[in-house]
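# What the coordinates show
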Amino acid sequence: MSIQQNLQQIKNSLPAHVTLVAVSKTKPVADLQTAYQAGQRIFGENKIQEMTEKWELLPKDISWHMIGHVQSNKVKYMAPYVDLIHGVDSVKLLEEINKQAAKNNRVINCLLQVFIAEEETKFGFSSLEINDLFASTAFANLQNIKIVGLMGMATNTSDTNQITKEFSNLASLFNQFKTLALPNVSMETLSMGMSGDYPLAIAAGSTMVRIGSSIFGTR
Ligand SMILES: *Cc1c(COP(=O)(O)O)cnc(C)c1O
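Remember, it's a predicted structure, so these values are computed and weren't measured experimentally.

Taken together, Val23, Lys25, Ile67, Met151, Met153, Met194, Ser195, Arg210, Ile211, Gly212, Ser213 and Arg219 make up the full set of residues adjacent to the ligand. Between the ligand and the protein, one listed contact pairs an oxygen atom with a side-chain N or O atom of Ser195 at 2.5 Å. For the ligand, an oxygen atom lies 2.8 Å from a polar atom in the backbone of Gly212. The protein chains hide 90% of the 390 Å² of surface that the ligand would expose on its own.

Moving on, we come to the nonpolar core. Phe134, Ile147 and Leu150 are the most contacted members of the largest nonpolar core, which totals 63 residues. Here this core takes seven residues from helix H8 (residues 160-177), the largest share from any one element. For Phe134, the residues in contact, after removing those within four places along its chain, are Leu112, Phe139, Ile147, Phe177, Leu180, Leu182, Val185 and Met187.

What follows concerns the pairing of strand S7 (residues 185-191). For S7, the tally of buried residues reaches six of seven residues, placing the bulk of the element in the interior. Two strands pair when backbone bridges link them, and strand S6 (residues 145-152) and S7 are joined in this way by four bridges, in the parallel orientation. If you follow Met151 over to S7, its bridge partner there is Ser191.

Here we come to the side chain of His65. The topology assignment puts His65 in strand S3 (residues 63-66). Within the structure, His65 has its side chain in polar contact with the side chain of Ser63 (distance 3.3 Å). Those residues in contact with His65 that lie beyond four places of it in its chain are Val21, Ile42, Phe43, Gly44, Glu45, Met51, Asp83, Leu84, His86 and Met208.

Here we take up the environment of Arg219. In this structure, Arg219 sits in the segment after helix H10 (213-216). In sequence terms Arg219 and Ala79 are 140 residues apart; their C-alpha atoms lie 27 Å from each other.

Next up on the list: the packing of helix H1 (residues 3-13) against helix H2 (residues 29-37). At a closest axis distance of 9 Å, the pairing of H1 and H2 adopts a crossing angle of 50 degrees. Taken together, H1 and H2 sit at an angle that is classed as oblique. Between H1 and H2 lies a crossing of right-handed hand. Residues Ile3, Gln4 and Leu7 of H1 form the contact with H2, whose own contacting residues are Asp31, Thr34 and Ala35.

A few words on the pairing of strand S5 (residues 108-114). Among the seven residues in S5, six count as buried, and that is most of the element. Pairing geometry for strand S4 (residues 84-88) and S5, over three bridges, is parallel. In the sheet register, Leu84 faces S5, and the bridge partner there is Asn109. Once you follow S4 into helix H5 (residues 91-103) and on to S5, the crossover reads as right-handed. In this sheet, S6 lies alongside S5 in parallel orientation, the contact comprising seven bridges. Residue Cys110 lies in a different strand from S6, and its bridge partner there is Ile147.

Time to look at the pattern of salt bridges. Per the stated rule, a full pass over the model turns up four salt bridges. Of the charged contacts, one joins Asp61 and Arg41 as a salt bridge, the two residues approaching to 3.3 Å between their closest N and O atoms. With Asp61 in the loop between helix H3 (48-57) and S3 and Arg41 in the loop between H2 and strand S2 (42-45), the pair connects residues that are 20 residues apart, well separated along the chain. On the basis of relative accessible area, Asp61 is assigned to the partly exposed category, the value being 46%. Taking the relative accessible area as the measure of exposure, Arg41 reaches 29% and is therefore partly exposed. Between Glu45 and Lys54 there is a salt bridge; the shortest N-O distance is 2.9 Å. Judged by relative accessible area, Lys54 falls into the buried class, the value being 5%.

Okay, the environment of Leu170 next. As for its placement among the helices and strands, Leu170 is situated in helix H8. For Leu170, a relative accessible area of 0% translates into the label buried. In the structure, Leu170 is positioned 12 residues away from Ser158 in sequence and 19 Å away in space, judged by C-alpha atoms.

What counts and what doesn't
Going along each chain's sequence as written, the residues are numbered from 1 onward. Per-residue local features are limited, in this predicted model, to residues with pLDDT of at least 70; the limit for side-chain atom pairs, both in listing and counting, is 80 or more; totals at the level of whole chains, interfaces and linings are taken over all residues. Side-chain numbers here rest on the full set of heavy atoms in the structure, without hydrogens or water. Think of it this way: one heavy atom of a residue within 4 Å of a molecule or strand is enough to make that residue near it. Here a polar contact means two N or O atoms within 3.5 Å. Within protein one must be a hydrogen donor candidate and the other an acceptor candidate, and residues neighboring in sequence count only if both atoms are side-chain atoms. Exposure was quantified through the Shrake-Rupley algorithm and a 1.4 Å probe, taking into account, for residues, occlusion by the shown protein chains and nothing else. In these notes, a set of buried Ala, Val, Leu, Ile, Met, Phe, Trp, Tyr and Cys residues joined through side-chain atoms within 4.5 Å is what counts as a nonpolar core. Accessible area is worked out with a 1.4 Å probe on protein chains only. A residue is then buried under 20% of its type maximum, exposed over 50%, and partly exposed in between. Secondary structure elements follow DSSP: runs of H or I of four or more residues count as helices, runs of E of two or more count as strands, with numbering from the N terminus. Any pair of residues with heavy atoms lying within 4.5 Å of one another is described as a contacting pair. Only when DSSP finds a minimum of two bridges between them are two strands counted as paired. Comment: axis = line fitted to C-alpha atoms, over the contacting stretch for helices; angle = value between 0 and 180 degrees taken between N-to-C directions. For classification purposes, angles smaller than 35 degrees are called roughly parallel, those larger than 145 roughly antiparallel, those between 65 and 115 roughly perpendicular, and all remaining angles oblique. Helix crossings fall into two classes, left-handed where the near helix is turned counterclockwise from the far one by less than a right angle and right-handed where it is turned clockwise. By convention, a crossover is right-handed whenever its connection, traced from the first strand over the helix to the second and viewed with the strands pointing away, goes clockwise. What makes a salt bridge here is a side-chain nitrogen of Lys or Arg within 4 Å of a carboxyl oxygen of Asp or Glu, nothing more.

Now the structure itself:
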């Protein structure tokens, strides 16, 4: 099937409250143009240099989401334009995003990545670390970032019970933080679900899915 057909089919299957991030990492600009012409406006990339090259070439009404692991020394390249950073997994990174956002007179929206999987390779905070972060004065001083939600990746397994359990844990954490009243926190977005597991993620409460291969084909 074509990119247009894949996109249409996925969009038709998503509930109205779920936002689709089209994950276009490694794909050529022409593929993104095809998706753009089919109406897609949110694209997810996992390498800052690749995302910046695509941002330069493509229409400026695209919302660019950084979904990958971010190195602090590269934040400056996306700070002028990035719309949402999904994979914020350390206080040091958050402080660098705040610094670069200030330089650009912006407030950059961030999701805290939470470690939910039974795999050692996945990055993220624990719920205790997030509690500590939100309680700290250092965090209160970060005026150029806004934590708009949480992001997580489930274990890469065929055990759907396991995946559902992990997504449900993240959703309950998200719901807990929803009532939090801090100037730089506003929990609205729960980013979970990829091509292989997004129906399970939506059933568990996801509000944003990150889908690559089911739209653009295998990488
Ligand atoms: C690549 C990637 C995706 C998309 O994966 P697909 O299986 O191609 O849908 C989603 N989230 C993150 C963090 C990724 O790196």
